[in-house]
Amino acid sequence: MIKKQRAFLKWAGGKFKLVDAIVRHLPAGQRLVEPFVGAGSVFLNTDYANYLLCDINRDLIDMYSIVQRDPEHFIGLAGELFIAANNDSEFYYNTRKRFNGAKDPLDRALGFLYLNRHGFNGLCRYNRKGAFNVPFGSYKKPYFPEAEIRGFSKKSQRAEFVCFGYEQAFELLQPNDVVYCDPPYAPLSSTSSFTTYVGAGFSLDDQAILARSSRQTAFERGIPVVISNHDIPLTRELYRGAKLEVISVQRNISQKGASRKKVDELIALYDTETADNVINLCQ
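Residues numbered from 1 in each chain as written. Predicted model: local features only at pLDDT ≥ 70, side-chain atom pairs only at ≥ 80, totals over all residues. Heavy atoms only, no water.

As annotated in an unreviewed UniProt entry, the protein chain carries the name Site-specific DNA-methyltransferase (adenine-specific) and is attributed to Shewanella avicenniae. Database annotation for the protein chain, UniProt heading Sequence similarities (unreviewed entry): "Belongs to the N(4)/N(6)-methyltransferase family." Under the heading Catalytic activity (unreviewed entry), UniProt records this for the protein chain: "a 2'-deoxyadenosine in DNA + S-adenosyl-L-methionine = an N(6)-methyl-2'-deoxyadenosine in DNA + S-adenosyl-L-homocysteine + H(+)". (UniProt positions renumbered as here; feature names shortened; annotations may be inferred.)

Here it is in structure tokens:
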């Protein structure tokens, strides 16, 4: 069995636990395109010749580009932040303030990694003014992901990182591409979603546009698209015509640890065939 490679970021909704199920649905191709790369677990655990990795989060994409070019310099500087004396709420909030005022991409990348590993629950959240606003996480000993950064950098030599939205990413598709979409999930209820990952968030209209673009890309251009999302009536309706698989996964759906429970997720595959078969798998 090949050991799965972990991302170096903590990420709410990360796909490490779902990688095996997702990979089963990804067809062969020359290049994998991810319009919502996030922490990059699918990128790290697939084997395409090339990758186009997109996200609207400029901090994320700039950090990945820096890690791609010079991982050792980044690791050396970042390691200085991951000492016991810096695992402190005062240091965290001072770092968050400096991050929000920083302009230099390297300074922001270092701050982004520190905040990611020391902030609450792996959240990446900005307010309407664009300021990172995740509170201190109070973890006993935040992990410094040195090995994971090196692994990411090595794999990223096959990748191109771009700060694009999903609609721009679809415009860049080429024959023999495969697309994997991990959008911000549709809310399980009217009170269960958090807003402002970046900018104005991902609306229900965006969910519908993404589904329509995926259908058209597969059926009209012959480029397969795989999408992950919550298994709710809305997504069942949006993904009509796709092949669906239901996966039960452990999710922390509230801030209370006691509220962790299994939640059904959909993996939808649009390809040149139309199928409505649903396979129920429990993990």
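So that's the structure; there's more coming.
The phi torsion at asparagine 121 lies on the positive side, around 65°, for a residue other than glycine. Within the secondary structure layout, asparagine 121 lies in the loop between α6 (105-118) and α7 (146-155). Residue classification places asparagine 121 among the partly exposed residues on the basis of a relative accessible area of 31%. Within the chain, serine 138 stands out as a residue other than glycine whose phi angle is a positive 55°. (Helix = DSSP H or I, 4+ residues; strand = E, 2+ residues; numbered from the N terminus. Buried < 20%, exposed > 50% of the residue type's maximum accessible area, 1.4 Å probe, protein only.)

So, on to the nonpolar core. Counting residues in each nonpolar core, the largest one holds 54 residues, and the members touching the most others are Leu9, Met63, Phe74 and Leu113. In this view, leucine 9 contacts Ala39, Leu60, Met63, Tyr64, Phe112, Leu113, Asn116 and Arg117; residues no more than four positions away in its chain are not counted. In terms of nonpolar packing, the next biggest core, distinct from the first, is built from 25 residues, Val225, Leu244, Leu266 and Ala268 among them. (Core = buried A, V, L, I, M, F, W, Y, C linked by side-chain atoms within 4.5 Å. Contact = heavy atoms within 4.5 Å.)

Here we come to the side chain of asparagine 86. In this fold, asparagine 86 is placed in the loop between α4 (71-79) and α5 (89-101). Not counting residues up to four positions away in its chain, the partners in contact with asparagine 86 are Glu80, Leu81, Phe91, Tyr114 and His118.

Here we take up the packing of α4 against α7. Running from N to C, α4 and α7 cross one another at 160°; their axes reach a closest spacing of 10 Å. With respect to each other, α4 and α7 are oriented roughly antiparallel. Every pair of crossing elements has a handedness; the one defined by α4 and α7 is right-handed. Contact residues: Pro71, Glu72, Phe74 and Ile75 in α4; Glu146, Ile149, Arg150 and Ser153 in α7. Within the contact of α4 with α7, the residues separate by chemical class into 4 nonpolar, 1 polar and 3 charged. (Axes fitted to C-alpha atoms, helices over the stretch in contact; angles between N-to-C directions. Parallel < 35°, antiparallel > 145°, perpendicular 65-115°, else oblique. Left-handed = near helix turned anticlockwise from the far one by under 90°. Nonpolar A, V, L, I, M, F, W, Y, C, P; charged D, E, K, R; others polar.)

Here we take up the packing of aromatic side chains. Applying the stated criterion across every chain yields a total of 21 aromatic pairs. Between phenylalanine 8 and tyrosine 64 the ring centres are 5.9 Å apart and the planes differ by 80°, which places this aromatic pair in the edge-to-face class. Linking phenylalanine 8 in the segment before α1 (19-25) with tyrosine 64 in helix α3 (residues 58-69), this pair joins segments that are 56 residues apart in sequence. The pair phenylalanine 8 / tyrosine 64 is uniform in exposure class, with both members buried. Between tyrosine 64 and phenylalanine 161 the ring centres are 5.4 Å apart and the planes differ by 45°, which places this aromatic pair in the tilted class. A residue pair is termed long-range when its members are at least 10 positions apart, and tyrosine 64 in helix α3 and phenylalanine 161 in strand β3 (residues 159-162) qualify at 97 residues. Of the two residues, tyrosine 64 and phenylalanine 161, both sit in the buried class. Clustering of aromatic rings is evident, with ring pairs tying together Phe8, Phe43, Tyr48, Tyr51, Tyr64, Phe152 and Phe161. Across the ring face of phenylalanine 16, the terminal group of lysine 4 is positioned such that the distance to the ring centre comes to 4.6 Å. For arginine 98, the ring lying beneath its charged end belongs to phenylalanine 91, and the centroid distance is 5.7 Å. (Phe/Tyr/Trp six-rings, centres within 6.5 Å; stacked < 30°, edge-to-face > 60°. Lys NZ or Arg CZ within 6 Å of the ring centre and 35° of its normal.)

Next up on the list: the pattern of salt bridges. For the structure shown, the criterion picks out 11 salt bridges. In this structure, aspartate 182 engages lysine 15 in a salt bridge whose closest nitrogen and oxygen atoms are separated by 3.1 Å. Here lysine 15 lies in the segment before α1 and aspartate 182 lies in the loop between β4 (177-181) and α9 (204-221), a separation of 167 residues in the sequence. We note that aspartate 182, like lysine 15, is buried. For glutamate 72, the salt bridge identified is with arginine 150, shortest N-O distance 2.7 Å. (Salt bridge = Lys/Arg side-chain N within 4 Å of Asp/Glu carboxyl O.)

Let's shift gears to α3. An α-helical turn contains 3.6 residues, so any two residues separated by three or four positions project in the same direction. An ideal rise of 1.5 Å per residue puts 16 Å on 12 residues; α3 measures up with 17 Å between its terminal C-alpha atoms. Of all 12 residues making up α3, 9 are buried, and the element is well covered by its neighbours. Buried residues belonging to α3 abut β2 (50-54), α4, α5, α6, α7 and β3. (Expected span 1.5 Å × (residues − 1).)

This brings us to the confidence of the model for the protein chain. Looking at the protein chain as a whole, the pLDDT averages 90, with 88% of positions reaching at least 70. Confidence over residues 253-258 falls short of pLDDT 50; this stretch has 6 contacts with residues more than four positions distant or in other chains. When the criterion is pLDDT under 50, residues 274-283 qualifies, and its contacts beyond four places in sequence or with other chains add up to 26 contacts. (pLDDT = per-residue confidence, 0-100.)

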